[in-house]
Amino acid sequence: MNFYTKDHDSFRNEILINNSFREDNLQKYVNFINAAIKELPSVYHYSWFDIKRKIYNYRDFWSKFHAS
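Calculation criteria
- Residue numbers restart at each chain and count upward from 1, following the sequence in its written direction.
- For this predicted model, a pLDDT threshold of at least 70 governs which residues receive local features, and a threshold of 80 or more governs which side-chain atom pairs are given and counted, while totals over whole chains, interfaces and linings are taken from all residues.
- Each side-chain value is worked out from all heavy atoms of the structure, with water and hydrogens disregarded.
- Working definition: helices are DSSP H or I runs of at least four residues, strands are E runs of at least two. Numbering for both runs from the N terminus.
- Only protein chains enter the calculation, and the probe is 1.4 Å; a residue is then buried if its accessible area is under 20% of its type maximum, exposed if over 50%, and partly exposed in between.
- The accessible surface values rely on the Shrake-Rupley method and a 1.4 Å probe; as for residues, cover is taken only from the protein chains in view.
- Lines fitted to the C-alpha atoms define the axes, with helices restricted to the stretch that makes contact. Angles between their N-to-C directions range from 0 to 180 degrees.
- Handedness of a helix crossing follows the sense of rotation of the near helix relative to the far helix, less than a right angle counterclockwise being left-handed and clockwise being right-handed.
- Only heavy atoms matter for contacts: two residues are in contact if any of them lie within 4.5 Å across the pair.
- Residue classes follow a fixed rule: Ala, Val, Leu, Ile, Met, Phe, Trp, Tyr, Cys and Pro count as nonpolar, while Asp, Glu, Lys and Arg count as charged, and any other residue, Gly among them, counts as polar.
- The length a helix should cover is 1.5 Å for every residue beyond the first.
- For this quantity, the arc is that covered by the directions from the helix axis to the C-beta atoms.

1. Digging into the overall build of the protein
For the protein, the count of helices and strands is three helices and zero strands. When the helices and strands of the protein are read in sequence order from the N terminus, they spell out α-α-α. Counting only residues that meet the buried cut, the protein has 12% of its 68 residues in that class. Here the protein displays about 6,400 Å² of accessible surface, and carbon together with sulfur accounts for 60% of that area.

2. Section: the packing of helix H1 (residues 6–16) against helix H2 (residues 23–39)
Two elements in contact, H1 and H2, have axes whose closest approach is 10 Å; the angle formed by their N-to-C orientations is 145°. The element H1 and its partner H2 pack so that their crossing is left-handed. Residues His8, Phe11, Arg12, Glu14 and Ile15 of H1 pack against Asn25, Leu26, Lys28, Tyr29 and Phe32 of H2. When grouped by side-chain class, the residues that make up the contact of H1 with H2 number five nonpolar, two polar and three charged.

3. Concerning H2
With 17 residues, H2 extends 24 Å between its outermost C-alpha atoms, agreeing within 8% with the 24 Å of an ideal straight helix rising 1.5 Å per residue. Among the residues making up H2, those that are buried are Asn25, Tyr29, Phe32 and Ala36. The buried residues of H2 occupy an angular sector of 55° when the element is viewed end-on, so they sit on one face. Counted as exposed and oriented over 90 degrees from the buried face of H2: Glu23, Ile37 and Lys38. Tucked inside the fold, the buried residues of H2 contact H1.

The analysis is restricted to geometry; functional conclusions fall outside its scope.
So this is what it looks like as structure tokens:
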């Protein structure tokens, strides 16, 4: 199941490709995207939250891990 249908993509393409960049079309698309972001569950990925740990992990751990 997908929230972004062919109709949504056609509408986006119409705005971008056919140069029908009217403010009301843009606002409809913005409203759709904002509603999707608000209503759909989100996943936050914090792997880069601790950048020092991430760098040390890449530098020290992964090369040894893959070599084993």
